[in-house]
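Architecture and fold: a report
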Amino acid sequence: MDAAERERVPSWWWLVAVVLVAAAARLLHIASFDVWTDELHTMQIARSGEYSFGPAYKTAPLNFILTAWAMRAFGDQVVVARAIPLIAGLLTVPLFALLFARWVGRRAALIGAAVLALSTWHVYWSQNARHFALTTLLVMIGLHGFLAYWKEHRWWGAVLAPAALLAALFTHSSAGFYLAAMMAFVGGSLLWSLLRSPAGGPSPRHHLLALSALTIALVVYLPAYLSVGKYLLGNVAPWNPAWNIVGSLAFYVPSALAVFAVAGLAFLAAERDSTGWLYASCLVVPILLLTFASNFTTASAAYYLPSLLIIALLAGVAGDRLLRAVPASGSAATRLAVALVVAAVLAGEAMELALYHTYYRGLKPRWADASHYLESHRQPGDLILAAEADVVAYYLGSHDGIGWVDKYTQDLSSPGVPRRPGGGVWYAVYTSTGSVLALPESATRHLEAKAVLKRVFQMSYGPKDRTIALFYEAPAVDR
């Protein structure tokens, strides 16, 4: 590396600054943001060791095992259950900068790490007692191993890649999207080499060894995939339409960042770096598989979270190459203008992160506020039917007189809906598009006729409306 190149390589103090920002963003409010039902599922499984929510969890137990260890060591609390995703999220940022510096350069990796540190999406899953932050960390390690084998013929890379991806699969089955993306890249590269016989490219043997290593991970996890697929197709109705997934991605990946990532791909193509096709595959193949899976299962945009690594990496490449394009003899105004372009992307991320910690309240429905209102207004004998009954029970400290409204949404006036002698019924339900209840028409008619709207706890972001409406149906004698 010559002196000019060394001048372009950032100091390690910049990495320390990025890591400190990442830590602050992920530690802030981690104990105070509202809990939601999936986090309570994680805690229940970790506490009991029983996978009572179907084989989708049983076949991906790693996060639950680690959470169980943390809860046994430090206490049965939500903030403890969030510790494993927090640690995974915190580790991902510096490891991103250190690992990918080898493949795209230190400054590009550092800019990408800054994008990741400020990403609202990654911060959100680093603060949730769920498995997606850990899955993302393991996919990143698997991608690094694959690149080590593919670009440098390191034998340990052929071992690390399937091992890390298999660990990711046992954390969440969506990691298979990225296994498929790497296999698609290798298969496409092999076909290209056979058709065009490019000089200096990877040999067919190199391709076949890569495919073999990745296939091992797929074969090991295949029985789990068959078990999960059979259960989901037979017992769970899909609920997340493709438009919601696309809307979620548009919210979590701002347009400026997406444009920067595309520019990064263009720079790699101009440099004739074949790994650009690998990164493109890790963007396109998972979204195609996710959209397909959403038609038959409960797949959500969170399954695509590891692709944020690729988006951040490509954004880092774009920022680095733009800064590199300005010659040392260039004017100060030109250098400042390019630096401001890169800074603007990071500033947009920082602004979204500020909204996340303030107005959006961690993207969590306001169940704590709603539960406290119910606690102060509920009369003896009143029943509570809630969209997330376990969360209300968590905040009220008891399951007594609390049920799931989903069990009775077809017709709230039917005899099957429980009533307590002398007590009324509270309904804590989600709205849809602001004012319309996310309930069947018959249930909505019942609330309009028999209940009174008491409070609304607003929470909307992106394509999602998580506003909670509290209705109260007085006892018949009072009505």
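Residues numbered from 1 in each chain as written. Predicted model: local features only at pLDDT ≥ 70, side-chain atom pairs only at ≥ 80, totals over all residues. Heavy atoms only, no water.

Details of the overall build of the chain
- A count of helices and strands for the chain gives 21 helices and eight strands.
- Radius of gyration (C-alpha) of the chain: 25 Å, near the 23 Å computed for a compact globule of 479 residues.
- Once the C-alpha set of the chain is aligned to its principal axes, its extents read approximately 85 × 55 × 45 Å.
- Sorting the 479 residues of the chain into buried and exposed places 52% on the buried side.
- A separation of at least 24 residues holds for 73% of the contacts in the chain among residues at least 6 apart in sequence.
- For the chain, the accessible area works out to roughly 21,300 Å², and carbon and sulfur atoms hold 65% of it.
- In the chain, which carries 34 positive and 27 negative side-chain charges, the distance between the mean positions of the two groups comes to 7 Å. (Helix = DSSP H or I, 4+ residues; strand = E, 2+ residues; numbered from the N terminus. Rg over C-alpha atoms; globule rule 2.2 N^0.38 Å. Buried < 20%, exposed > 50% of the residue type's maximum accessible area, 1.4 Å probe, protein only. Contact = heavy atoms within 4.5 Å. Areas by Shrake-Rupley, 256 points an atom, 1.4 Å probe, with all protein chains shown as cover. Lys, Arg positive; Asp, Glu negative; His and termini not counted. Charge placed at Lys NZ, Arg CZ, Asp CG, Glu CD.)

Digging into the packing of helix α15 (residues 255–270) against helix α17 (residues 307–325)
- Where α15 meets α17, the axes come as close as 7 Å, and the angle between the chain directions of the two elements is 70°. On the basis of their axis angle, the class for α15 and α17 is roughly perpendicular. The interaxial crossing formed by α15 with α17 has left-handed handedness. Where α15 abuts α17, its residues L257, F260, A261, A263, G264, L265, F267 and L268 lie against I311, L314, A315, V317, A318, G319, R321 and L322. (Axes fitted to C-alpha atoms, helices over the stretch in contact; angles between N-to-C directions. Parallel < 35°, antiparallel > 145°, perpendicular 65-115°, else oblique. Left-handed = near helix turned anticlockwise from the far one by under 90°.)

What to know about helix α8 (residues 106–118)
- Between the first and last C-alpha of α8 there are 18 Å, a value that for 13 residues agrees with the 18 Å anticipated at 1.5 Å per step.
- With twelve of its 13 residues buried, α8 lies for the most part within the structure.
- Among all positions in α8, only R107, A108, A109, L110, I111, G112, A113, A114, V115, L116, A117 and L118 are buried. (Expected span 1.5 Å × (residues − 1).)

A word on the nonpolar core
- Judged by nonpolar contacts, the single largest core of 148 residues is most densely connected at F146, Y279 and W367.
- The dominant element in this core, judged by the number of residues it contributes, is helix α10 (residues 132–152), at 13 residues.
- Apart from the residues within four sequence positions on either side, Y279 is in contact with W103, V104, L147, L265, L268, I310, L313 and L314. (Core = buried A, V, L, I, M, F, W, Y, C linked by side-chain atoms within 4.5 Å.)

Remarks on the pattern of salt bridges
- The tally for this structure, following the rule as stated, stands at 15 salt bridges.
- A salt bridge links R47 to D76, with the nearest nitrogen and oxygen atoms 2.6 Å apart. Taken together, the residues span a long stretch of sequence, with R47 in helix α3 (residues 37–48) and D76 in the loop between α5 (62–74) and α6 (78–81) at a distance of 29 residues.
- Relative accessible area serves as the criterion here: at 43%, D76 is assigned to the partly exposed category.
- In this structure, R324 engages D320 in a salt bridge whose closest nitrogen and oxygen atoms are separated by 2.9 Å. Here D320 and R324 lie together in helix α17, a separation of four residues that amounts to about one turn.
- It is possible to trace a salt-bridge network through shared partners that takes in R107, E271, D320, R321 and R324. (Salt bridge = Lys/Arg side-chain N within 4 Å of Asp/Glu carboxyl O.)

Here's the deal with the side chain of D382
- Examined against the element boundaries, D382 turns out to sit in the loop between α19 (367–377) and β1 (383–386).
- Within the local environment of D382, its side chain forms a polar contact with the backbone nitrogen of G424, the two atoms lying 2.8 Å apart.
- A distance of 3.3 Å separates a polar atom in the side chain of D382 from a polar atom in the side chain of Y472.
- If near-sequence neighbours (up to four positions away) are discounted, D382 is found in contact with G401, R420, G423, G424, W426 and Y472. (Polar contact = N/O pair within 3.5 Å; in protein donor to acceptor, adjacent residues only side chain to side chain.)

Brief notes about the environment of L208
- You can see L208 is positioned in helix α13 (residues 204–235).
- The exposure class assigned to L208 is partly exposed, which follows from its relative accessible area of 48%.
- Taking the C-alpha atoms as reference points, L208 and G187, 21 residues apart in sequence, are found 8.9 Å from one another.

Thoughts on the pairing of strand β8 (residues 468–473)
- In terms of burial, β8 is largely enclosed, as six of its six residues are buried.
- Alternating residues of β8 divide into I468, L470 and Y472 and A469, F471 and E473, and every residue in both groups is buried.
- Looking at chain direction, strand β3 (residues 425–432) and β8 are connected through six bridges and run antiparallel. Pairing of V425 across the sheet is with E473, part of β8.
- Pairing between strand β5 (residues 452–457) and β8: five bridges, direction antiparallel. Opposite F457, over in β8, you have I468 as the bridge partner. (Pairing = 2+ DSSP bridges.)

Focus on the confidence of the model for the chain
- Summing up the model confidence of the chain, the mean pLDDT is 90 and the portion of residues at 70 or higher is 94%.
- Element-level pLDDT for the chain is lowest in helix α1 (residues 3–8), with a mean of 46, against a maximum mean of 98 in helix α9 (residues 120–126).
- Overall, residues 1–7 carries pLDDT values under 50, and its contacts beyond four positions in sequence, including any with other chains, amount to two contacts. (pLDDT = per-residue confidence, 0-100.)

Let's talk about the packing of aromatic side chains
- One pass over the full model with this rule turns up 25 aromatic pairs.
- Ring geometry for Y359 against Y360: centres 5.6 Å apart, planes inclined by 65°, an arrangement best described as edge-to-face.
- Members of the aromatic cluster, connected to one another through ring pairs, are W121, F251, Y252, Y359, Y360 and Y461.
- The cationic tip of R466 hangs over the ring face of Y430; the distance from NZ or CZ to the ring centre is 5.6 Å. (Phe/Tyr/Trp six-rings, centres within 6.5 Å; stacked < 30°, edge-to-face > 60°. Lys NZ or Arg CZ within 6 Å of the ring centre and 35° of its normal.)

Observations regarding α3
- Relative to the 16 Å expected for twelve residues at 1.5 Å per residue, α3 spans 16 Å between its end C-alpha atoms, a close match to the ideal helical length.
- Along α3, the residues classified as buried are T37, E39, L40, H41, T42, M43, I45 and A46.
- Packing partners of the buried residues in α3 comprise α4 (55–58), α5, α6, α20 (389–396) and β2 (402–404).
- Positive backbone phi, at 75°, marks G49, one or two positions downstream of α3.

Looking at the packing of α10 against helix α16 (residues 275–294)
- Where α10 contacts α16, the two axes come as close as 12 Å, and the packing angle between them is 155°. One way to sum up the angle between α10 and α16 is to call them roughly antiparallel. Judged by the sense of rotation from one axis to the other, the crossing of α10 with α16 is right-handed. Touching L143, F146, L147 and K151 of α10 are T275, L278 and Y279, all from α16.

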